[in-house]
Amino acid sequence: QNYLDNFWPDLKAAHELFDSITQARRERESESQENRGKEYPEHLPLEILEAGIKSGRYLQGTLNVNKHRAQLEAFVRLQGCGSKDTG
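Residues numbered from 1 in each chain as written. Predicted model: local features only at pLDDT ≥ 70, side-chain atom pairs only at ≥ 80, totals over all residues. Heavy atoms only, no water.

(A) Structural context of the overall build of the chain. Counting its secondary structure elements, the chain contains three helices and two strands. Reading the chain from its N terminus to its C terminus gives the helix and strand order α-α-α-β-β. Buried residues in the chain amount to 5% of all 87 residues. For the chain, the accessible surface area stands at approximately 8300 Å², while carbon and sulfur atoms represent 52% of it. (Helix = DSSP H or I, 4+ residues; strand = E, 2+ residues; numbered from the N terminus. Buried < 20%, exposed > 50% of the residue type's maximum accessible area, 1.4 Å probe, protein only. Areas by Shrake-Rupley, 256 points an atom, 1.4 Å probe, with all protein chains shown as cover.)

Structural data, given as structure tokens:
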């Protein structure tokens, strides 16, 4: 902010961009405080997921993503299943 004020006081677009970034950062920080330290918001409460896994409605597994082609290649390895049962 000081740099823009001192060296580019008339560059309106840069000031608007800085204000936009500052506002987005504040919103992101307030969202992360609301999530109480969780990196991602939960889709379902933990109790529902655990009950679903026990009843067989949901399956638990590990997501494996190709680091070189992350948007194209990934698979889930189901817990307790052999390598033949992955898909």
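(B) Representation of the pattern of salt bridges in the model. All chains considered together, the criterion is met by three salt bridges. A salt bridge links Lys12 to Glu16, with the shortest nitrogen-to-oxygen separation between them at 3.9 Å. Of this pair, Lys12 and Glu16 both sit in helix H2 (residues 12-34), four residues apart, roughly one helical turn. For Glu16, a relative accessible area of 45% translates into the label partly exposed. (Salt bridge = Lys/Arg side-chain N within 4 Å of Asp/Glu carboxyl O.)

(C) Seen up close, the packing of aromatic side chains. Per the counting criterion, the structure on display carries one aromatic pair. Aromatic pair Tyr3 and Phe7: ring centres 5.2 Å apart, planes at 40°, arrangement tilted. Of the two residues, Tyr3 and Phe7 both sit in helix H1 (residues 2-7), four residues apart, roughly one turn of that helix. As far as the burial class goes, Tyr3 and Phe7 line up, both exposed. (Phe/Tyr/Trp six-rings, centres within 6.5 Å; stacked < 30°, edge-to-face > 60°.)

(D) View of the confidence of the model for the chain. Confidence along the chain averages 84 in pLDDT terms, with 78% of residues attaining 70 or more. The secondary-structure element of the chain with the lowest mean pLDDT is H2, recorded at 87, while H1 shows the highest, at 93. (pLDDT = per-residue confidence, 0-100.)

(E) View of the environment of Asp5. Of note, Asp5 is situated in helix H1. When its relative accessible area of 37% is taken as the criterion, Asp5 is described as partly exposed. Each C-alpha atom, one on Asp5 and one on His15, is 8.4 Å from the other, the two residues being ten residues apart in sequence.

(F) Highlighting the side chain of His15. In this structure, His15 sits in helix H2. Accessibility expressed as a relative area gives 17% for His15, which makes it buried. In contact with His15, not counting residues within four places along its chain, are Gln1, Leu4, Asp5, Trp8 and Pro9. (Contact = heavy atoms within 4.5 Å.)

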